[in-house]
Every structure is written in C-alpha cells, then in structure tokens.
Amino acid sequence: MKKLFIMLILAIFLSSILTAGGNTDGENIQYRLAHTAADGSHFDLIAEKFTDTLRTLSNGRFDGTVYPAEQLGKESQVIQSVQNGVIEFTIIGHDPLSQFVPSAALLSLPFLFENHDDAFRVLDSEVGEELEKMLSEKKLHILGWSNNGARVYTNNIRPLEMPKDFVGLKMRSPESPVNLAVTEALGGIPSALPYGEVYTALQQKTIDGQENAVINIYPSKLYEVQKYMSMTNHILSFVVIVVSENFWQSLSIEDQALLEKAAEEAVLWHRGYVDDLTVELTDAMIAEGMEVNYPQDIGAFRDATAKIHDQFVGTDISEDLYKKTREILGY
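Thresholds applied
- Residues numbered from 1 in each chain as written.
- Predicted model: local features only at pLDDT ≥ 70, side-chain atom pairs only at ≥ 80, totals over all residues.
- Heavy atoms only, no water.
- Core = buried A, V, L, I, M, F, W, Y, C linked by side-chain atoms within 4.5 Å.
- Buried < 20%, exposed > 50% of the residue type's maximum accessible area, 1.4 Å probe, protein only.
- Helix = DSSP H or I, 4+ residues; strand = E, 2+ residues; numbered from the N terminus.
- Contact = heavy atoms within 4.5 Å.
- Salt bridge = Lys/Arg side-chain N within 4 Å of Asp/Glu carboxyl O.
- Axes fitted to C-alpha atoms, helices over the stretch in contact; angles between N-to-C directions.
- Left-handed = near helix turned anticlockwise from the far one by under 90°.
- Nonpolar A, V, L, I, M, F, W, Y, C, P; charged D, E, K, R; others polar.
- Pairing = 2+ DSSP bridges.
- Polar contact = N/O pair within 3.5 Å; in protein donor to acceptor, adjacent residues only side chain to side chain.
- Phe/Tyr/Trp six-rings, centres within 6.5 Å; stacked < 30°, edge-to-face > 60°.
- Lys NZ or Arg CZ within 6 Å of the ring centre and 35° of its normal.

A.B. asks: Talk me through the nonpolar core; I want residue IDs and the actual numbers.
C.D. replies: With 52 residues, the main nonpolar core has L97, L109, F113, L140, W145, F238 and I308 as its most contacted residues. Among the elements that take part in this core, strand β4 (residues 140-155) stands out by supplying five residues, more than any other. When near neighbours in sequence (up to four residues on either side) are disregarded, F238 contacts I92, G93, H94, L107, F113, H116, A119, F120, L123, W145, S146 and N148. Counting 26 residues, the second-largest nonpolar core is a separate cluster that includes L54, V239, W248 and V267.

Okay, here's the thing in structure tokens:
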C-alpha cells in the first residue's frame, strides 16, 4: 500500500512537470537571461530592454531576471546551458556561434561589410534565415541581431598604423578561428582567451593587447591597462538575442510572437544607441589618457587579410552563403 502511495505521488509530480513544460497561455512564466558582459554595459541595457518589453507585452506573465557579468557562468558555459534548456535566454556577441555552426564565421570575415546597415540587409535575407535554421538545430534559437560595434585593436607597445606594427605583439582575440586568423595575418601572435580573463592578462602583461569594439572595451575598463587604441574596424560585430530551442518549442504560437515582438523592439532601440555610444566612449577613453590613432592606409589591412576569405570559404563557411552575401552587397 505504501509503495502504491509513493508511485501515485510520483505520477502526480511528473504530471505537474510535464504540464508546466507546456507553458500555455495564461500561466506566469519566470525565466533567466544570462550574459557575461559588465553590469551596466550595452549588453546589459539591451537585456533589460528585452525583459521589460516582454513583461509589458505579456501584461506581466513573462517575468525575467537578468544575470550579468558571468554570474551564471562563463560564456561557453552559458551557451551550453541555453542549449540544454537550463537557462532560457542569453545575449552574446556573434563570435562564439561559429563553434556550433562553422558558417556563422561568415559574419566575422574581415572587411566583408562596409557598415552595419549592409550587414543587417544580409541578416534579414535568406542568408540570415539559413544561419538561424542551422543554429536552431543546435538548440540555439535566434530572436534578433543587433550592433556590437566594429572591432579595433588596443595594446601597450605602439600605435598600429600598418600591418608591420603587429609583428611580435601577442594579441587576444575571442575563441573564433577567423578572429585569430586576422591577427595572425596582420603579423601578430593570436591568443584565445575568455573575455573575463583579458583585464588580468593585460595587467600581468601575459598578452600585449586585444581586439574588441569600443563599446565593450570601455565598460571593462581596459583603458586602465592599455595605452594605445588603433581604429582598424577590421571586423563588424553583432549582438545576438538567443533563446533556448527547448524553451521556445514549449511556448504557444501566441507567446512565441510576444518574444519576437519584444526582441524586435529591443533591437530597434539598441542599433541606434550603439552608434552614438561608440563616439561617446571613444572620447571618454581619450579623456582617460588613451592614445587613439586612425590608420590612414586601411587598404593595407584589407590586403593583408584578404586571404582569410579564401582560407575559410568552402571549408568552414558555406560557399553558397558567401556567394549570396556578396550578391546582396553588390560585389
């Protein structure tokens, strides 16, 4: 009798889990959104914008909590947790996506896009749809793409006016094969480090410099441990709003539409905000004592990295997606 009672309680418990997993309309849904950027950074702001908008659109049914600054793990851990459905949402830079879908490295090809508007035309096309389909198969459902600035280099040794100035410099890049190849093509020594370890590595001089967008360099206070910033703008970066595919599939069509609408509003606000913020934070770092230079011969950087397109297209990156991208851009 006792055994039968225990089995009955267990059946009720499992039934409640399965019912909750359906997330039907009318239920209150609590979720977590984790990211690894600093508290108050533009990543944090778009995260708050998304959660606030979703809360408003759902009349409070969707109640999210944002966890910034690696509170729920380092970037790779957070992404894996989203894949597994342990964490419902994350907001990341696009670079790590190539670890799961190699063709996502298309977005990191040096000097492929003139500006973010051109890039968003590509992401809004069948190219973006195909990338999103491949990522959803890896349990990463893309809700929106935004602006993460243009990548520049900082270091403590000298201004980088020409590729030859990179020779001998150990430079951190994200764990993306294309980013690492760009640094190597320019003559530097690439080093893959999680972004949370960069400040200490620069402080201890285990690396000479790093590459990232202005809007991410400033909140991490890298100006405290770096002297020079060279505005190469070699790769455009993107912010990606990601929801666990498992969580997405558990929602009704109506609730999925709410998520898409909230992401659309957050992205629309964020894209314009980042353009203004880049100028503001560049000036702020100059005021902090950083020396900023604008290389006059960007063509030399473009030529030095042109071989990277050939290196990755047709192997890691789909040749068809690359061709369609160039067609959209009018190349």
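Text resumes after the structure shown.
A.B. asks: Tell me about helix α3 (residues 75-84), and please be specific about residues and values.
C.D. replies: Residues lying three or four places apart along an α-helix face the same way, a consequence of the helix completing one turn every 3.6 residues. Within α3 the residues assigned to the buried category are V78, I79, S81, V82 and Q83. The secondary structure elements touched by the buried residues of α3 are β1 (29-34), β3 (89-93), β4, β9 (236-244) and α9 (245-250).

A.B. asks: So what's going on with the pattern of salt bridges? Residues and values would help.
C.D. replies: A complete count under the given rule lists ten salt bridges for this structure. Linking R55 and D63 is a salt bridge whose minimum nitrogen-to-oxygen distance equals 3.3 Å.

A.B. asks: How would you sum up the packing of helix α2 (residues 42-57) against helix α10 (residues 253-287)? Please name residues and give values.
C.D. replies: Where α2 contacts α10, the two axes come as close as 9 Å, and the packing angle between them is 150°. As for the relative orientation of α2 and α10, their crossing is right-handed in sense. Between α2 and α10, the residues in contact are H42, L45, I46, K49, F50, T53, L54 and L57 and L258, L259, K261, A262, A263, E265, A266, W269, H270, Y273, V274 and L277, respectively. Each residue belonging to the contact of α2 with α10 can be placed in one class, and the counts come to 14 nonpolar, three polar and three charged.

A.B. asks: Got a sec to walk through the pairing of β4? Specific residues and values, please.
C.D. replies: Side chains on a regular strand alternate between the two faces of the sheet. Most of β4 is tucked away, with 16 of its 16 residues classed as buried. When β4 meets β9, the two strands line up antiparallel, connected through eight bridges. If you follow I142 over to β9, its bridge partner there is V242.

A.B. asks: Summarise the side chain of N147; cite the residues concerned and give the values.
C.D. replies: Relative to the assigned elements, N147 resides in strand β4. Classification of N147 by relative accessible area gives buried; the value is 2%. Only 3.1 Å separates the side chain of N147 from the side chain of H116, close enough to count as a polar contact. A distance of 3.1 Å separates the side chain of N147 from the side chain of D275, its partner in a polar contact. Not counting residues within four places of it along the chain, the set of residues in contact with N147 comprises H42, H116, F120, I215, S237, V239, H270, R271, V274 and D275.

A.B. asks: Residue-level account of the packing of aromatic side chains, with values.
C.D. replies: Applying the stated criterion across every chain yields a total of ten aromatic pairs. Geometrically, the ring pair formed by W269 and Y273 is stacked, given 4.9 Å between the ring centres and 20° between the ring planes. Separated by four residues within a single helix, W269 and Y273 lie in helix α10, roughly one turn from each other. Taken together, the ring pairs connect Y31, F50, F62, F89 and F247 into an aromatic cluster. One cation-aromatic arrangement involves R271 over F120; the distance from NZ or CZ to the ring centre is 3.5 Å.

A.B. asks: An account of helix α4 (residues 116-123) is needed here, citing residue identities and associated values.
C.D. replies: With six of eight residues buried, α4 is to be regarded as a mostly interior element. Taken together, the buried positions of α4 are H116, D118, A119, F120, V122 and L123. For α4, the secondary structure elements touched by its buried residues are α5 (126-136), β4, β9, α10 and α13 (319-329). Of the residues that open α4, the one with a side-chain oxygen 3.2 Å from the backbone nitrogen of D117 is N115.

A.B. asks: Could you give an account of unusual backbone geometry, with specific residues and numbers?
C.D. replies: Even without glycine at this site, E70 takes up a positive phi of about 65°. With respect to the helices and strands, the residue E70 is situated in the loop between β2 (62-67) and α3. Its relative accessible area of 25% is what places E70 among the partly exposed residues. A positive phi angle, near 70°, is found at K139, a position not held by glycine. For K139, the position within the fold is in the loop between α5 and β4. K139 gets classed as partly exposed once you look at its relative accessible area, which sits at 37%.

A.B. asks: Tell me about the side chain of S250, residues and numbers included.
C.D. replies: Following the sequence through the fold, S250 ends up in helix α9. By relative accessible area, which is 15% here, S250 ends up buried. Engagement of the side chain of S250 in a polar contact is seen with the backbone oxygen of F247, the distance being 2.6 Å.

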